[in-house]
Amino acid sequence: MSKITDMRRFPGFLQLTLLCLLVLYAPLMVVMVYSFNDSTSITLWGGFSLRWYEDVFFGLDAPKFKQAALNSLTIAVMAATCATIIAVSAAVAMMRARHLKGRTASFALINLPLMVPEIVTAVASLIFFSAIGFATGYATILVAHIVFCIPFAYLPIAARMQSIEDTYEQAAMDLYATPAQAFRLVLLPLMMPGIFSGFLLAFIISLDDFLITNFVKGAGIETLPTAIFGSVKQGIKPNIMAISTLLLLVSVGFVTLSYLASRMGQNREKKS
Amino acid sequence: MAGGIANASESAGIYKGRAGLLILPSWLVIGFFLLLPVGMMLIYSFLTKEFRGGVIWEFSLAAYDQFFFNRGLFGDEPPQIEWTYINIFWRSLWQAGLATLFCLIIGFPTAWFIATRVPRHRTVWLLLITIPYWVNLLIRTVSMKFLIRDTGPMNEFLIWLGAIGEPLQLVNTNIAVQLGLFYSYLPFMVLPIYASAERYNFALSEAAADLYAGRWTTLRLIILPAVKPGIIAGSILVFVPSLGAFLAPDLLGGAKTFMIGSLIEEQFKGNAGNWPFGAAASIILLSIVMTVLIFYARSQTRREAR
Amino acid sequence: MKQLLKYSVAAIALTGFSSTAQAEGKLSIYHWFEYIPQELLDKFAKEYDVEVTMDTYDSNEAMLAALKAGKMGSYDVAVPGDYMVEIMAGEGLLDTFEPGELSNFSNIQPQWLDVSFDPGRKSSIPYQWGSTSFSVNRDKFKGDINTTSILFDPPAELSGKINVLDTQGELLTMASIHMGIPQCSSDREQLKGLNKLVQDAKTHWASFGSDTAKDVLVSGDAHVGMIWSGFSAKARNEGANIEYAYPKEGYIVWMDNVVLLKDAPNRENALKFMNFLLEPENAAAVTNYAQYTAGVAGTEPFLDEAVKNSPESNPPSGPVGHFVQACPQDVQVLYDAIWTNLKK
């Protein structure tokens, strides 16, 4: 028994993971600390202050940032969801039907959004949208985001699918499950880690996009990156740090919730 | 292959007749909203440039000529091979490759570590890896720069430790760019590998151990091949975006040389305003990356078929 | 498949068009990032009962690209720099107005009335003007800084500690000023010399950065930074012991201008807004915010003391400021080549 656990662990992997987290979180410490900076500069410390949080909630730009954050989050959730659904369906087709017509072409197409340089997508989309009379605004941002999120969702899902033999579904079908049931009850749960990874990647890539969004967004609509990039021209101000810290808090909240939810699920299982 | 066209099951009659329908949404969405615009860019690359942005609808090979041939500063010398852009491409490819390697070296153990946690902790670990990405990349990159500055906390800490006497000059070097790229794209390596590794059957490791294979032998001969699809997916997701990245090279590297991303951006947003050239450079980049990818995918399919 | 495409286009078009209808009482501004205080926009919105929306860009060229790629017709006004006004007019992107349409037209300072990039002010009004030069950290260098040699042939102690702007127009113009050659020169020897000058100077430069121009000076990462006047003032206010140079060889002056765009959906409100910005009090509000200088008479009573007296806004009489010129196509290609060569 102990041999199995032994084979799971490799010396140094824990340390590397912790190093990984250190690299990921060290800059965030800077963000958090400087959100409490009294000075307007991010490079000089001017004493502790909550003024930037006050600014975020009650300042003149508060409505703008609130709206931008809302837009960013809704677009990211919707774009990641749509992209994940499209990617799941594509992955099933690509991995389960060897003789699908034009598989290579489909493969190239799905990865196309990844391969085209961002600025080209941005300019080309803007020209294209205005050519077909699709007015720029929330809808154009959403469409553009769905498109470039697809490969980010697809690749982890397809990688996962590769290790799932179709014998599971065959067995289900032998037991008179309909194809839909076989998919929903057998394949989908097995795909879940891939789907979750794909969704997360699509979500963060959408949340972060500046260049394409800045071109295809219409007048008067902002996402967080487009609202934030402005401040950079004047040097990042601590209010941006405060907003970022608040976003972090929200995301930490999500993690805590998901942890608690999984614990509750666990406890219920134990009881029953 | 990861993104796979390889490894489709021979006998899957389940989705027979439905596969076309399942792939249709991707074709509709990407085909309409990206393939058409990119096709337009392909046409643009063969048109005459309009001064300060835009195109004139006259056929021209000037963009490709500019990319491949050097006619001197004043354009009247006999044409020679132009190395400028090839060098820029090569530099970017090299840098992206290196970033991919670093992400893999750190990302694989991390992914493996997460995949071997008890199931209910896995989600939390995954979220922990992605939380930092809720903060905008620009801000993270600026903060990273702050940390590694000559007089920044990292150098002060190392000096305090006595590990170094003089501050390390990292900002405006390639090391900083690598650090920035690593930092920008790490989860794109970790998550796909996790998705693959989570499915790993530990009976295989056990069997290997029974045959007196050591840990590292098992890792090399059994585990790595098993999670290969994840590694390839992750490598694509790190490599390709790194090619076009400009925040890390600009902010951490000092923007002293063009990368593919900044070169193409300059053609659309800079003084040059040379859209056909920007389009041509993108099409060349697209062709290179796509060819490699498809070539690889095909060779995989053939291997599986055997 | 074709049918489906058609339907999807129709469906998308429907959702899209709903936002195109521009009602009365709206104004759509295309502006630089962080260049107008929100208070001022709110004030205008309130005074004229107009709903103001603003979109932002980060360079003159990015604005031009976006407008040419299809954003024309969605904005009423934009704020291009001097040479860009000329370019946009040449591209037919600007609408014209009569001086009589703006009651505050006479507030424009006389020297900004008949400018080379828009003679007689037919499509534009002054927004702010300032200069581009460089600042030097006075803790690190005590010598004479009022020479462009600081950038292009620096003393040993400053070499490797210099940040220059990552914009072709300003950097190459500054280099031309250093060499004493005219802008948009097509003389072979002069251009070869220019090419060599920047190549050699690059070995002394630590970084190219426009967005970071201020931060590198405040943090001390750079001891010399090519920078815009207002940015330098802000860096100084944030505690950097820097001095803004007025090189004896000359420096760059520029002016940003509010232009009336062709096909403006709300031309009336655009003119109201332009007129509003010509009020001394409002022009001063922008000046206090951006720390440049307004081209409007009578702003003095409304200016902050610090802004009014800042060395960055009060150039000495000796050195001459030059506007960046828009070169003709055949010459611009040469400058593009030098720039690519510099960053290859």
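Quick caveat, the model's predicted, so the values are computed rather than measured.

Cut-offs used in this document
Residues numbered from 1 in each chain as written. Chains lettered and ligands numbered in written order. Predicted model: local features only at pLDDT ≥ 70, side-chain atom pairs only at ≥ 80, totals over all residues. Heavy atoms only, no water. Helix = DSSP H or I, 4+ residues; strand = E, 2+ residues; numbered from the N terminus. Rg over C-alpha atoms; globule rule 2.2 N^0.38 Å. Buried < 20%, exposed > 50% of the residue type's maximum accessible area, 1.4 Å probe, protein only. Contact = heavy atoms within 4.5 Å. Areas by Shrake-Rupley, 256 points an atom, 1.4 Å probe, with all protein chains shown as cover. Lys, Arg positive; Asp, Glu negative; His and termini not counted. Charge placed at Lys NZ, Arg CZ, Asp CG, Glu CD. Salt bridge = Lys/Arg side-chain N within 4 Å of Asp/Glu carboxyl O. Polar contact = N/O pair within 3.5 Å; in protein donor to acceptor, adjacent residues only side chain to side chain. Nonpolar A, V, L, I, M, F, W, Y, C, P; charged D, E, K, R; others polar. Domains from an automatic or database assignment. Buried area = accessible area lost by both parts, 1.4 Å probe. Pairing = 2+ DSSP bridges. Arc of directions from axis to C-beta. Core = buried A, V, L, I, M, F, W, Y, C linked by side-chain atoms within 4.5 Å. Disulfide = S-S within 2.5 Å. Right-handed = clockwise from strand over helix to strand, strands pointing away. Phe/Tyr/Trp six-rings, centres within 6.5 Å; stacked < 30°, edge-to-face > 60°. Lys NZ or Arg CZ within 6 Å of the ring centre and 35° of its normal. pLDDT = per-residue confidence, 0-100.

**Quick look at the overall build of chain C**
- Helix and strand content of chain C: 13 helices and 10 strands.
- Against the compact-globule benchmark of 20 Å for 344 residues, chain C has a radius of gyration of 22 Å, which places it among compact chains.
- Taking the principal axes of the C-alpha coordinates as reference, chain C spans close to 65 × 60 × 35 Å.
- Taken across its 344 residues, chain C has 59% of its residues classed as buried.
- Of the contacts made within chain C by residues no fewer than 6 positions apart, 76% connect residues no fewer than 24 positions apart.
- Of the accessible surface of chain C, which amounts to about 13200 Å², a share of 53% is contributed by carbon and sulfur atoms.
- Treating the 27 positive side-chain charges of chain C as one cloud and the 45 negative ones as another, the clouds have centres 6 Å apart.

**Quick word on the interface of chain A and chain C**
- Taken residue by residue, the interface counts 32 residues in chain A and 30 residues in chain C.
- The tally of links between chain A and chain C comes to 1 salt bridge.
- Here A:Lys217 makes a salt bridge to C:Asp55, at a shortest N to O gap of 2.2 Å.
- Where chain A packs against chain C, one counts 5 residue pairs in polar contact (both at pLDDT 80 or more).
- At the level of secondary structure, the elements contributing two or more residues to the side of chain A that touches chain C comprise α6 (118-131), α10 (211-216) and α11 (224-233) of chain A.
- The dominant element in the side of chain A that touches chain C, judged by the number of residues it contributes, is α11(A), at 6 residues.
- Across the side of chain A that touches chain C, the residue classes tally to 13 nonpolar, 14 polar and 5 charged.

**Remarks on the domain arrangement of chain C**
All names here are of chain C.
- Looking at the assigned domains, one finds that chain C contains domain 1 (22-129 + 255-308) and domain 2 (130-253 + 315-343).
- Centre-to-centre separation of domain 1 and domain 2, based on C-alpha positions: 27 Å.
- Taken residue by residue, the interface counts 12 residues in domain 1 and 13 residues in domain 2.
- For domain 1, the biggest contributors to the area lost against domain 2 are Trp129, Gln291 and Tyr292; these three give 50% of the whole.
- Counting the contacts that link domain 1 with domain 2 gives 2 residue pairs in polar contact (both at pLDDT 80 or more).
- For the side of domain 1 that touches domain 2, the secondary structure elements donating two or more residues are α4 (82-90), β4 (124-137) and α11 (280-290).
- If you tally residues by element for the side of domain 1 that touches domain 2, the top one is α4, at 3 residues.
- For the side of domain 1 that touches domain 2, the per-class residue count stands at 9 nonpolar, 2 polar and 1 charged.

**Section: the pattern of salt bridges**
- As enumerated under the stated definition, the model contains 26 salt bridges over all chains in all.
- Among the ionic pairs, B:Glu265 bridges to B:Lys269, the shortest N-O distance being 3.4 Å. Of this pair, B:Glu265 and B:Lys269 both sit in helix α12 (residues 260-269), 4 residues apart, which is roughly one turn of the helix.
- Taking the shortest distance from any N to any O, the salt bridge between C:Asp58 and B:Lys269 comes out at 3.6 Å. Placement of C:Asp58 in the loop between β2 (51-57) and α3 (60-71) and of B:Lys269 in helix α12 is noted, with the two residues assigned to different chains.
- Given a relative accessible area of 10%, B:Lys269 falls into the buried group.
- Within the structure, one salt-bridge network assembled from shared partners comprises A:Lys217, A:Glu222, C:Asp55 and C:Lys71.

**Some details on the interface of chain A and chain B**
- Each partner contributes residues to the interface: chain A has 124 residues there, and chain B has 117 residues.
- Summed over both sides, the interface of chain A with chain B buries roughly 11200 Å², with 76% coming from carbon and sulfur.
- On inspection of chain A and its partner chain B, the count reaches 3 salt bridges.
- One salt bridge connects A:Asp208 with B:Arg140, and the closest N-O pair in it is separated by 3.3 Å.
- Here the side of chain A that touches chain B gets 16 residues from one element, more than from any other, and that element is helix α2 (residues 13-34) of chain A.
- Across the side of chain A that touches chain B, the residue classes tally to 91 nonpolar, 19 polar and 14 charged.

**Points about the pairing of strand β2 (residues 55-59) of chain B**
Residues and elements named next belong to chain B.
- Pairing geometry for strand β1 (residues 47-49) and β2, over 3 bridges, is antiparallel. What sits directly across from Lys49, in β2, is Val55.
- Hairpin remark: β1 followed by β2, antiparallel, with 5 residues in the connecting loop; positive phi at Arg52, about 60°.

**Topic: helix α8 (residues 202-210) of chain B**
- Here α8(B) has its buried residues at B:Phe202, B:Ser205, B:Ala208 and B:Ala209. Axial view of α8(B): buried residues confined to an arc of 110°, hence all on one face.

**Remarks on the nonpolar core**
- Membership of the largest hydrophobic core comes to 305 residues, with the highest contact counts inside it found for C:Met88 and C:Phe273.
- Counting residues per element, this core draws most heavily on helix α7 (residues 138-161) of chain A, which supplies 17 residues.
- Lining this core are residues from two domains, each supplying at least three of them: domain 1 (22-129 + 255-308) and domain 2 (130-253 + 315-343) of chain C.
- If near-sequence neighbours (up to four positions away) are discounted, C:Phe273 is found in contact with C:Leu27, C:Ile29, C:Ile36, C:Leu41, C:Phe44 and C:Val77.

**Regarding the state of the cysteines**
- In the structure shown here, the tally under the stated rule is 1 disulfide over all chains.
- Covalent S-S linkage joins C:Cys184 and C:Cys327, the inter-sulfur distance amounting to 2.1 Å. Disulfide C:Cys184-C:Cys327: the torsion about the S-S bond is -85°, which places it as left-handed. Of the two residues, C:Cys184 is situated in the loop between α6 (168-179) and α7 (188-202) and C:Cys327 in the loop between β10 (321-323) and α13 (329-342); the sequence distance between them amounts to 143 residues.
- As a non-bridged cysteine, A:Cys20 has B:Cys103 as the owner of its nearest cysteine sulfur, 8.7 Å distant.

**Topic: the pairing of β2(C)**
Residue and element names in this part refer to chain C.
- For strand β1 (residues 26-32) and β2, the ladder comprises 7 bridges, and the chain directions are parallel. Bridge pairing in β2 places Tyr30 opposite Asp55.
- Once you follow β1 into helix α2 (residues 38-48) and on to β2, the crossover reads as right-handed.

**Examining the packing of aromatic side chains**
- Under the defined criterion, the tally for this structure stands at 51 aromatic pairs over all chains.
- Between A:Phe128 and A:Phe129, the ring centres sit 6.4 Å apart and the planes meet at 45°, which makes this aromatic pair tilted.
- Note on A:Phe129: relative accessible area 2%, which makes it buried.
- It is A:Lys64 that lies over the ring of A:Phe65; its NZ or CZ is 5.4 Å from the centre.
- Across the ring face of B:Tyr183, the terminal group of B:Arg140 is positioned such that the distance to the ring centre comes to 5.5 Å.

**So, unusual backbone geometry**
- Notably, B:Ala255 is not glycine yet its phi reads approximately 55°, a positive angle.
- Following the sequence through the fold, B:Ala255 ends up in the loop between α11 (247-252) and α12.
- Positive phi is not limited to glycine here, since C:Asp263 has a value of about 60°.
- Looking at the secondary structure, you find C:Asp263 in the loop between β9 (251-260) and α10 (267-277).

**Quick look at the confidence of the model for chain A**
Residue and element names in this part refer to chain A.
- Of the residues in chain A, 92% have a pLDDT of 70 or more, and the chain-wide mean is 85.
- Across chain A, the secondary-structure element scoring lowest on mean pLDDT is helix α1 (residues 2-8), at 54, and the one scoring highest is α7, at 94.
- Contacts for the low-pLDDT stretch residues 1-5, under 50 throughout, to residues beyond four places or in other chains number 4 contacts.

**Considering the environment of B:Phe295**
- Mapped onto the elements, B:Phe295 comes out in helix α13 (residues 275-305).
- For the pair B:Phe295 and B:Ile231, spaced 64 residues apart in the sequence, the C-alpha separation amounts to 18 Å.

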